[in-house]
Amino acid sequence: RSPMLRVEQLTREFRVAKNLSFPAVDEVSFTLHQGETLSVVGESGCGKSTLGRCIVRGIESSSGEVNYTPPGGEEVDFLKLKGRDFKQVRKDIQMIFQDPFSSLNPRHTVFEIIAEPLRATTNMSKAELRGKVREIMAKVGLDPSHLRRYPHSFSGGQRQRIGIARALVTNPQVIVADEAVSALDVSIQAQIINLLRDLQEELGLTYLFIAHDLSIVEYISDRVAVMYLGQIVELAETSAIFSSPRHPYTEILLSAVPQPDPDVRRKRIVPKGEVPSPASRPPGCLFAPRCHYATERCHEERPSLREVEEGRFSACHYAEELSLRGLAQLSVTA
Ligand code: SF4
Ligand code: MG
């Protein structure tokens, strides 16, 4: 699979007081490959939504690059593009938002909502827009004859289909989905997840899937990136993350996932101390104050994200040793 989006050292600082700012996204680097689903997980406030918004240029980044390679084209840094070049790539990188209730303007018709990204990036006539909107509504399972209706007349699941149609109407390559199903009922979640998977297969889409529900993540992802305090602390193939995490924070997140198999019980691991404020950043490993394995070295030296095995990245000084203990030793047989 070829690289499609190469995120390099992406940083977004937020100012919290006159002389105090902190990076909500802190020098994040990763590569998204054509046709894959990479999920970004982590507790709320870890910077995953901010990362998604920076990538689609919904908010400005402080520094870093979002290098995009269009199919058959040359790599460009999306963050540096202006005017027509910006609009061209804007069409290719679209976002689906969490809340289908608040993300749709209640005073706009479904037609106006779905056509908006096309209006912003092309000069299509009204008739062309209508044709495009009808086509995409049918594709996401909405009745195209409902295009003059307003969002309030649709159910939660249908509203999220409107949000998906809006993201897909420009024929994008990359979709950043920020908690795309979190606000929906569980039964509706499965429908929307399966719709996203079908659309990916049909249209060859590449997904950056931001989520906190790890059972959905395990089902949908090829690879998983774990974020903590604005940094990626582990990145690996989904099966590797779930079977043998190489970062203590991943291990903690996984220990909280309910196990469907009664023979495999994971002991819930509770991190030490308090949930840290994003503005207070310890000098060594950012996770050290909460880590059960922390040593003196951890409090002094910040580990960087490194490849600890082919295709597996961890930002822990002891990633190799941790693989020996891992979750296997923490599970008990009922
Ligand atoms: Fe824990 Fe040290 Fe690894 Fe940080 S580097 S996660 S403190 S063991
Ligand atoms: Mg969020």
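Residues numbered from 1 in each chain as written. Chains lettered and ligands numbered in written order. Predicted model: local features only at pLDDT ≥ 70, side-chain atom pairs only at ≥ 80, totals over all residues. Heavy atoms only, no water.

Caption draft 1: Summary view of the packing of aromatic side chains. Evaluation of the coordinates by the stated rule reveals five aromatic pairs. With centroids separated by 5.7 Å and ring planes inclined at 5°, the aromatic side chains of F78 and F86 adopt a geometry described as stacked. An aromatic cluster is defined as three or more aromatic residues linked by ring pairs; in this entry it consists of Y228, Y249 and F287. Directly above the ring of F78 sits R57, whose terminal nitrogen or CZ lies 5.5 Å from the centroid. Sitting above the plane of the Y318 ring, R297 keeps its charged end 5.9 Å from the centroid. (Phe/Tyr/Trp six-rings, centres within 6.5 Å; stacked < 30°, edge-to-face > 60°. Lys NZ or Arg CZ within 6 Å of the ring centre and 35° of its normal.)

Caption draft 2: View of the pattern of salt bridges. According to the stated counting rule, one finds 12 salt bridges in the structure shown. Salt-bridge contacts for E301 lead to R297; the nearest nitrogen and oxygen are separated by 3.2 Å. For E301, a relative accessible area of 38% gives the class partly exposed. Taken together, the shared-partner salt bridges in this structure form one network comprising R6, E8 and E75. (Salt bridge = Lys/Arg side-chain N within 4 Å of Asp/Glu carboxyl O. Buried < 20%, exposed > 50% of the residue type's maximum accessible area, 1.4 Å probe, protein only.)

Caption draft 3: Broad picture of the domain arrangement of the chain. As far as domains go, the chain holds domain 1 (3-221) and domain 2 (246-332). Each of domain 1 and domain 2 was reduced to a C-alpha centroid, and the two centroids are 30 Å apart. Listed per partner, the contact involves eight residues of domain 1 and eight residues of domain 2. Of the roughly 740 Å² buried between domain 1 and domain 2, counting both surfaces, carbon and sulfur atoms make up 66%. Among the residues domain 1 hides against domain 2, the three largest losses belong to F22, E43 and L214. Together they make up 55% of the total. Run the count over domain 1 and domain 2 and you get one salt bridge. The closest approach of N and O atoms between R281 and D26, which form a salt bridge, is 2.8 Å. At the boundary of domain 1 and domain 2, one finds two residue pairs in polar contact (both at pLDDT 80 or more). Here the side of domain 1 that touches domain 2 takes three residues from strand β2 (residues 20-33), the largest share from any one element. Grouping the constituent residues of the side of domain 1 that touches domain 2 by class yields five nonpolar, one polar and two charged. (Domains from an automatic or database assignment. Contact = heavy atoms within 4.5 Å. Buried area = accessible area lost by both parts, 1.4 Å probe. Polar contact = N/O pair within 3.5 Å; in protein donor to acceptor, adjacent residues only side chain to side chain. Helix = DSSP H or I, 4+ residues; strand = E, 2+ residues; numbered from the N terminus. Nonpolar A, V, L, I, M, F, W, Y, C, P; charged D, E, K, R; others polar.)

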